[in-house]
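Here are the chains, one letter per residue:
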Amino acid sequence: MSCKAINPTSVTAVLLVCLTSWASRSLSAQPFEVGEAAIDFTIPNRFTGEPVRLSDFEGYVVLLDFFAWWCIPCRISSPDIDENIQMWFEERGGNRHGVPVQVIAVNRDFQLEANTDTFIREFSLPFVLDDRENKAWDIFNVVEGMPRFVIVNMVMDSPTHGPFEVIHNQVGGYASGATAALFRDLIDTVKPSLDSGESPATPWMGATDLGGGWLWLAWFGAFNVDALPWIFHETLDWLLGVGMDTSSIWFFAPGMGWLWSADSVFPSLYRVDSGSWIFYQADTSNPRWFFDFGSGQWESR
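Rules of the game
Residues numbered from 1 in each chain as written. Predicted model: local features only at pLDDT ≥ 70, side-chain atom pairs only at ≥ 80, totals over all residues. Heavy atoms only, no water. Axes fitted to C-alpha atoms, helices over the stretch in contact; angles between N-to-C directions. Helix = DSSP H or I, 4+ residues; strand = E, 2+ residues; numbered from the N terminus. Left-handed = near helix turned anticlockwise from the far one by under 90°. Contact = heavy atoms within 4.5 Å. Nonpolar A, V, L, I, M, F, W, Y, C, P; charged D, E, K, R; others polar. Phe/Tyr/Trp six-rings, centres within 6.5 Å; stacked < 30°, edge-to-face > 60°. Buried < 20%, exposed > 50% of the residue type's maximum accessible area, 1.4 Å probe, protein only. Lys NZ or Arg CZ within 6 Å of the ring centre and 35° of its normal. Salt bridge = Lys/Arg side-chain N within 4 Å of Asp/Glu carboxyl O. Pairing = 2+ DSSP bridges.

Trainee: Describe the packing of helix 3 (residues 74-91) against helix 6 (residues 178-187), with residues and values.
Mentor: Here helix 3 crosses helix 6 at 35°, and the two axes come no closer than 10 Å. Note on packing geometry: the crossing formed by helix 3 with helix 6 is right-handed. Residue-level inspection shows Asp 80, Ile 81, Asn 84, Ile 85, Trp 88 and Phe 89 of helix 3 in contact with helix 6, the latter providing Ala 180, Phe 183, Arg 184 and Ile 187. Here the contact of helix 3 with helix 6 is composed, by residue class, of seven nonpolar, one polar and two charged.

Trainee: Describe the packing of aromatic side chains, with residues and values.
Mentor: According to the stated counting rule, one finds 20 aromatic pairs in the structure shown. For the pair Phe 67 and Phe 119, a centre-to-centre distance of 5.1 Å together with 10° between the ring planes defines the contact as stacked. With Phe 67 in strand 3 (residues 61-67) and Phe 119 in helix 4 (residues 113-122), this pair connects stretches of sequence that are 52 residues apart. For the pair Phe 67 and Phe 119, one class covers both residues: buried. Seen in terms of ring centroids, Trp 214 and Phe 232 are 6.3 Å apart; in terms of plane orientation they differ by 85°. Their pairing is edge-to-face. Note that Trp 214 is positioned in strand 9 (residues 214-217) and Phe 232 in strand 11 (residues 230-233), a separation of 18 residues in sequence. Trp 214 sits in the partly exposed class, given a relative accessible area of 29%. Using a relative accessible area of 25% as the deciding quantity, one classes Phe 232 as partly exposed. A network of ring pairs unites the aromatic residues Trp 219, Phe 220, Phe 223 and Phe 266 as a single cluster. Between Arg 108 and the ring centre of Trp 137, over which it is positioned, the NZ or CZ distance is 4.1 Å. Here the guanidinium or amino end of Arg 184 rests over the ring plane of Trp 88, the centre of that ring lying 3.9 Å away.

Trainee: Mind laying out the pattern of salt bridges, listing which residues take part and the relevant values?
Mentor: A complete count under the given rule lists 12 salt bridges for this structure. Residues Arg 132 and Asp 130 are paired through a salt bridge, measuring 3.9 Å at the closest nitrogen-oxygen approach. Judged by relative accessible area, Arg 132 falls into the partly exposed class, the value being 49%. Through salt bridges with shared partners, one network takes in Arg 46, Glu 113, Asp 117, Asp 130 and Arg 132.

Trainee: Break down the sheet that holds strand 4 (residues 101-107) for me, citing the residues and quoting the values.
Mentor: The five strands are arranged 5-4-3-6-7 in an open sheet whose pairing can be described as mixed. The open sheet has two edge strands, strand 5 (128-130) and strand 7 (166-171), and neither has a second partner. Ignoring which end each strand starts from, the neighbouring axes of this sheet average 20° apart. Bridge analysis of strand 4 against strand 5 gives three bridges, and the strand direction is parallel. If you follow Ala 105 over to strand 5, its bridge partner there is Val 128.

Trainee: If you had to explain unusual backbone geometry to someone new, which residues and values would you point to?
Mentor: The omega torsion across Met 146 and Pro 147 is -5°, close enough to zero to call that bond cis. Within the element layout of this structure, Pro 147 appears in the loop between helix 5 (137-140) and strand 6 (148-153). At Phe 164, a position not held by glycine, the phi torsion is positive, near 65°. Structurally, Phe 164 is set in the loop between strand 6 and strand 7. By relative accessible area, which is 1% here, Phe 164 ends up buried.

Here it is in structure tokens:
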């Protein structure tokens, strides 16, 4: 029995519907893998001792970072995740669709508590739970090893993911910066509740109003929003904007296909169909000139 297709209105409903599935899985002690709906767990906050449930983060995307003080790779991954996941999304008000994100560091060692405290202080981990009875670990430990990173959707009626759905489950293999970028991409796929009343972030939030439907962003230039969801860029022509926020944009451009760019790389654009980066020569128009890094050639559109 799968819980993925269910559209409940509360965590309680999810737990009741999933009871049969949970019971059969728990008897064999098999962990829940990517694409499946996991179950709730309760483990204590290391700092306060208060019980914390996964379901406390309904409406969030949760990243669980399982660590131990003796785990050498954890010394790279834990602080990087705090900076490039937790702080990244806090500064942006959630993922690209406005869904809040919470990183939970889960401690796995209880032999030398002072060493764990030193690890937490050294890397300034703000939110740590103690999994003394392996309640969380047994749910997600597909293959033994640490560090382990698990991304779980806790938006109960997201149009893109099921409640408690395991989006990603990875052991080891953490490359500073690059892996955080992968995790951000996965987190960005989760959309908010259809009836949440929340509007997805848009590229004109924070833009300067030039009048007549024209707006301006320093990194993107001038664009017109009168024909939403299509926008008209002053030099890139018509763009169908999808998953837009104040710092990055996915769009479809006739003649160029699906493209992605961000405030940190524009006027470079990533073209999905060719899997290559192209550089837009911003002072050209009609025709517009691009340099394709994949082919090493200039082309006009």
